[in-house]
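# Structural overview
Here are the chains, one letter per residue:
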Amino acid sequence: MTDTRYDRAPGDRPALPGMEEETSSGVVVYTIGLVLAVGLTATSFWVANTSLLWPPGVPLGLAVLAIAQMGVHLVFFLHITSGPENTNNVLALAFGVLIVIIVAAGSLWIMTNLNDNMMPPELMNLHMQH
Amino acid sequence: MNIAVAIDDVRKDALPSASEAGPATKRIVVAYGFWIFLLSDIVMFSALFAAYAVLVRATAGGPTGAELFNQASVAIETACLLASSFTCGLMSLAVGSRRRTATYVFAGVTFVLGAVFLVLEIREFAGMIAVGATPQRSAFLSAFFTLVGCHGLHVTAGLIWLAVMMAQVEIKGFRPTVERRLLCFALFWHALDIIWVWLFTVVYLMGVRP
């Protein structure tokens, strides 16, 4: 136990005593991450191609699987935790996610709305003639 | 009475907070700066994703995603990138315990898997262009090539970076500057895999649905 508490660099694993033990536990962490990620990816491909599921629900299911896999990558590959030494990394990530959601969802919302309100082509042609 | 104050004192003595511990080490500062860069890179990708999602139906009478995409090839690409992310993690462990041979082996496997991914993607692009599905054909294809091509460019940059880092390990050894660069490379490679998760979900799985 150190007497000072630094932030942890993003991507760095928690420091554990004992070099050899640390490496083998690191391999275990990456292997768990790989197994979970492969499972989620395989599920995504199955969900997209099966006819067993209710079709309108499939895109939502795929989005949930992608979010879950993103979480697996963040926790097991990038070693992001909820610990106090990771606060800065998590806050930056949260801000990034906020901007991504605003850009993606906002664009879709505005463009769908514009599409719905667009003048039908035949009306547009009528306008052009005058 | 003063119990709360006393508890505060004890906890502070036991564990000073991050800001009281003084300036962070260079490793933390460098990796945090690179983390901010990666997040801004992901924000840029979100704009490309938004453009793709808006334009996915704008095929202008040209070929649609369902006609063009080959899921078997995408599944192999996904497997390659995921496996390379795993071996990149094993390389980070080897770097952490200063095992030079293991570092080279895992870096080599990571490089080969990344290169296989890139070759498959280029073949896919070449096949699409051969049947007339060029970026000029429709807004959908412009958005597709921009989004997927941008990820491909990132992978290319990552491969070049990895090769340069292995040369630096060979020439300079595991000195702190090299270790910091390897940490940043690992962050970059894992972040590319996260972007690919969204890419195959949004473009190749959702995009082919009627």
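Since we're looking at a predicted model, the values are computed, not measured. (Residues numbered from 1 in each chain as written. Chains lettered and ligands numbered in written order. Predicted model: local features only at pLDDT ≥ 70, side-chain atom pairs only at ≥ 80, totals over all residues.)

## A closer look at the overall build of chain A
For chain A, the count of helices and strands is 4 helices and 0 strands. Helices (α) and strands (β) of chain A occur, in sequence order from the N terminus, as α-α-α-α. For chain A, with 130 residues in total, the buried portion stands at 23%. Within chain A, residue pairs in contact and separated by at least 24 positions form 61% of the contacts whose partners lie at least 6 positions apart. (Helix = DSSP H or I, 4+ residues; strand = E, 2+ residues; numbered from the N terminus. Buried ≥ 20, exposed ≤ 12 C-beta atoms within 10 Å, placed from the backbone. Contact = placed C-beta atoms within 7 Å.)

## A few points about the overall build of chain B
Counting secondary structure elements, chain B contains 7 helices and 0 strands. For chain B, the sequential pattern of α-helices and β-strands runs α-α-α-α-α-α-α. At 22 Å, chain B has a C-alpha radius of gyration far larger than the 17 Å of a compact globule built from 210 residues. Each principal axis of the C-alpha distribution contributes one length, and for chain B these read about 75 × 50 × 25 Å. By residue count, 38% of the 210 residues in chain B fall in the buried class. Sequence separation of 24 or more characterises 82% of the internal contacts of chain B that already satisfy a separation of 6 or more. (Rg over C-alpha atoms; globule rule 2.2 N^0.38 Å.)

## Some remarks on the packing of helix H6 (residues 139-172) of chain B against helix H7 (residues 176-206) of chain B
Working note: a packed helix pair is described by the angle between its axes plus the distance between those axes. All names here are of chain B. Contact geometry of H6 with H7 gives a least axis separation of 10 Å together with a crossing angle of 160 degrees. Judged by the inter-axis angle, H6 sits roughly antiparallel to H7. In terms of crossing hand, the pair formed by H6 and H7 is left-handed. Considering only residue class, the contact of H6 with H7 consists of 18 nonpolar, 4 polar and 2 charged. (Axes fitted to C-alpha atoms, helices over the stretch in contact; angles between N-to-C directions. Parallel < 35°, antiparallel > 145°, perpendicular 65-115°, else oblique. Left-handed = near helix turned anticlockwise from the far one by under 90°. Nonpolar A, V, L, I, M, F, W, Y, C, P; charged D, E, K, R; others polar.)

## Description of the environment of Ala107 of chain B
All names here are of chain B. Mapped onto the elements, Ala107 comes out in helix H5 (residues 100-130). Separated by 13 residues in sequence, Ala107 and Ala94 place their C-alpha atoms 9.9 Å apart. Sequence-distant contacts of Ala107, that is, excluding residues within four places in its chain, are made with Met91, Leu162 and Met166.

## Considerations on unusual backbone geometry
Although it is not a glycine, His79 of chain A adopts a positive phi angle of roughly 60 degrees. Looking at the secondary structure, you find His79 of chain A in the loop between helix H2 (58-77) and helix H3 (87-117).

## Looking at the domain arrangement of chain A
Residue and element names in this part refer to chain A. If you check the domain split of chain A, you get domain 1 (1-81) and domain 2 (85-130). Each partner contributes to the interface: domain 1 provides 7 residues, whereas domain 2 provides 6 residues. Partitioning the side of domain 1 that touches domain 2 into residue classes produces 3 nonpolar, 1 polar and 3 charged. (Domains from an automatic or database assignment.)

## What to know about the nonpolar core
If you look at the biggest cluster of nonpolar residues, it comprises 79 residues, and the most contacted ones within it are Phe49, Leu187 and Val203 of chain B. Counting only elements with at least two residues in this core, the list comes to helix H1 (19-49), H2 and H3 of chain A together with helix H2 (26-55), helix H4 (71-96), H5, H6 and H7 of chain B. Looking at this core, the element that brings in the most residues is H7 of chain B, giving 21 residues. Apart from the residues lying within four places of it in its own chain, the contact partners of Leu187 of chain B are Pro10, Gly11 and Leu78 of chain A together with Ala31, Phe34, Trp35 and Leu38 of chain B. (Core = buried A, V, L, I, M, F, W, Y, C linked by C-beta atoms within 7 Å.)

## Let's talk about the interface of chain A and chain B
With 42 residues of chain A at the interface, the matching set in chain B holds 43 residues. Every element with two or more residues in the side of chain A that touches chain B is listed here: H1, H2 and H3 of chain A. In the side of chain A that touches chain B, the residues fall into 26 nonpolar, 12 polar and 4 charged.

## Looking at the confidence of the model for chain B
Of the residues in chain B, 90% have a pLDDT of 70 or more, and the chain-wide mean is 90. Across the assembled chains, the prediction reports ipTM 0.85 with pTM 0.87. (pLDDT = per-residue confidence, 0-100.)

## Some remarks on the environment of Gly33 of chain B
Looking at the secondary structure, you find Gly33 of chain B in helix H2. With 12 C-beta atoms counted inside 10 Å, the residue Gly33 of chain B sits in the exposed group.

## Observations concerning H7 of chain B
Residue and element names in this part refer to chain B. Here H7 is 31 residues long and its end C-alpha atoms lie 44 Å apart, about the 45 Å a rise of 1.5 Å per residue gives. Considering bend angle alone, the principal kink of H7 is centred on Leu199 and spans about 25 degrees. Where burial is concerned, most of H7 is hidden: 24 out of the 31 residues are buried. (Expected span 1.5 Å × (residues − 1). Bend = angle between axes of the 7 residues up to and from the residue.)

## Looking at the packing of H4 of chain B against H5 of chain B
All names here are of chain B. Taken N-terminus to C-terminus, the directions of H4 and H5 make an angle of 160 degrees; their axes are 8 Å apart at the nearest point. With respect to H5, the element H4 is oriented roughly antiparallel. Like other packed secondary-structure pairs, H4 and H5 cross with a definite hand, here left-handed. Taken together, the residues of the contact of H4 with H5 sort by class into 17 nonpolar, 6 polar and 3 charged.

## Description of the environment of Gly71 of chain A
Residue and element names in this part refer to chain A. Mapped onto the fold, Gly71 is located in helix H2. Assessed through the 14 C-beta atoms surrounding it within 10 Å, Gly71 is described here as partly exposed. In the structure, Gly71 is positioned 34 residues away from Ala37 in sequence and 9.6 Å away in space, judged by C-alpha atoms.

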